[in-house]
Amino acid sequence: MSLIAAANWDEWVAKSVALLRANRIEVDGCRYTAPSTSPTAHAAYVHQFLWDSCFHALAYRWFDLAMARDELRALVAAQVQDGPDARMIPHMVSRRGGSEHLWGRPDRSLITQPPLIAVTAMLLHAGAPDVSFLAELYPALCAYHAWFDRRRDPDGDGLVCLIHPWESGWDASPRWDRAMGLPHDMAYEQGRLARVALAARLVEFGCDAQALLRAGSYCVEPVDYNAIRAADLEALGEMAAALDRPQEAAGWRERTARVREAFQRKMVRDGYPYDLDGADEQPVVQESAAQYIALFGGCLTEAQAERLVAQLRQPRHWPRFLVPTSPTDAPAFVPDRYWRGNVWLSVNWLIYMGLRRYGYVALASELAERSLALVAQAGFWEYYHPLTGQGLGSTPHSWSAIVLDMLGRERGLAPPRLV
Ligand code: GLC
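A brief structural summary. Since the structure is predicted, the reported quantities are computational estimates derived from the model, not experimental observations.

## Details of the state of the cysteines
Consideration 1: Evaluation of the coordinates by the stated rule reveals zero disulfides.
Consideration 2: Of the cysteine sulfurs around Cys30, a residue in no disulfide, the closest is that of Cys54, at 15 Å.

Shown next as structure tokens:
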């Protein structure tokens, strides 16, 4: 019998409750869940991280809807109020300080992270409809997406670029080596120091993507990020419709279509999606798990999806533990080094949802099964070794609770409607 079928739902809820409650933080009237409060975790992991909070909310909705909503409220409460980056939602919010050394201010970073808040809000809404909660978030999320257009699309093509690898959430991925001017076989420390130096450069340039692009600084238009943005714009359209604003809903649908059209025109080469690097938009022809996230945003045709799924089924992308961020035969593959070929359950969830979107339901189920097996065997880690299944990074790490969402979906359960 599969683990999904045999798993005791109440036990998995209890494990997730224990994990997320242990990492919960209340400060300045906000409640959020830190990635990890374990003394062995990186010091920054007590701060709030944008996409982590979305994954936390998606796990919370199965047992604590009020907390799921508060997780998103805390993100929106941190929206930047003034200056050139007004309306950005920061990737990291440090309400008790701790960001000064990197960002020149104590309370937050100067960059953002994958925009998943509207998607998350609409998934909460699907399980437990509440238009007043949507109404609360909607203006902030509209303004956040307008910020992307203003500050992260210097060539105006509808695709957003990132000015720091930390914006992608895939901090140390080999996808960024060329843009960072680093060799694939660098030492970990070399990469880390380059990222810290780039943060200082952003402060110096006032995070102006135009100026950074002109100066030849890191500037990448990533496949996964733009697909997530397409999904978030689409979710904003659904939100507008739920709020009875049909004209705005149509506007968001158009915006979504524009991203998908630019994605097709610029990112798809020989039928496969690739990141684009620099002012001349050079394709970064590397296979990675990010390509599968194109499915999440509905950015591929059925035929392209079929070819991509055939690639995913190859053993180098589909080894014993799934899905490594780089295929196991890639020159830069290092299975136990942060983002250089490990398994992250946050990434798995995005691929899982994308597979379902395109009708690859059985493959999605297998991914859910293997994700659950990983946590059953190793516990809630930040990431995992794709060949041994060993947990890596910090533990207990909150976002791996996202397996609960896969389990609930696979079991056909409905999230509770009452708080
Ligand atoms: C690391 C990851 C990033 C995540 C953060 C908190 O920096 O690379 O994606 O948001 O940790 O878990």
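## So, the pairing of strand S2 (residues 30-33)
Consideration 1: The pairing of strand S1 (residues 24-27) with S2 spans four bridges and is antiparallel. By the bridge assignment for S2, Val27 is matched with Cys30.
Consideration 2: Counting the residues between successive antiparallel strands, the hairpin from S1 to S2 contains two residues, one of them, Asp28, with a positive phi of roughly 50°.

## Considerations on the site of the ligand
Consideration 1: Taken together, 13 residues lie near the ligand, and Asp52, Gln113, Gly169, Asp171 and Trp339 sit nearest.
Consideration 2: A distance of 2.9 Å separates an oxygen atom of the ligand from a polar side-chain atom of Gln113.
Consideration 3: In this structure, an oxygen atom belonging to the ligand sits 3.0 Å away from a side-chain N or O atom of Tyr338.
Consideration 4: A total of 310 Å² of accessible area belongs to the ligand in isolation, and the protein chains cover 96% of it.
Consideration 5: Classifying every residue of the shell around the ligand gives seven nonpolar, three polar and three charged.

## Quick look at the packing of helix H3 (residues 50-60) against helix H4 (residues 65-77)
Consideration 1: Contact geometry of H3 with H4 gives a least axis separation of 8 Å together with a crossing angle of 165°. Put simply, H3 runs roughly antiparallel to H4. Note that H3 runs across H4; the crossing there is left-handed. Only Leu65, Met67, Ala68, Glu71, Leu72 and Leu75 of H4 make contact with H3, whose side of the interface consists of Leu50, Ser53, Cys54, His56, Ala57 and Tyr60.
Consideration 2: Here the residues of the contact of H3 with H4 are counted per class, giving nine nonpolar, two polar and one charged.

Reading the values: the criteria
Residues numbered from 1 in each chain as written. Predicted model: local features only at pLDDT ≥ 70, side-chain atom pairs only at ≥ 80, totals over all residues. Heavy atoms only, no water. Disulfide = S-S within 2.5 Å. Pairing = 2+ DSSP bridges. Helix = DSSP H or I, 4+ residues; strand = E, 2+ residues; numbered from the N terminus. Near = heavy atom within 4 Å. Polar contact = N/O pair within 3.5 Å; in protein donor to acceptor, adjacent residues only side chain to side chain. Areas by Shrake-Rupley, 256 points an atom, 1.4 Å probe, with all protein chains shown as cover. Nonpolar A, V, L, I, M, F, W, Y, C, P; charged D, E, K, R; others polar. Axes fitted to C-alpha atoms, helices over the stretch in contact; angles between N-to-C directions. Parallel < 35°, antiparallel > 145°, perpendicular 65-115°, else oblique. Left-handed = near helix turned anticlockwise from the far one by under 90°. Contact = heavy atoms within 4.5 Å.

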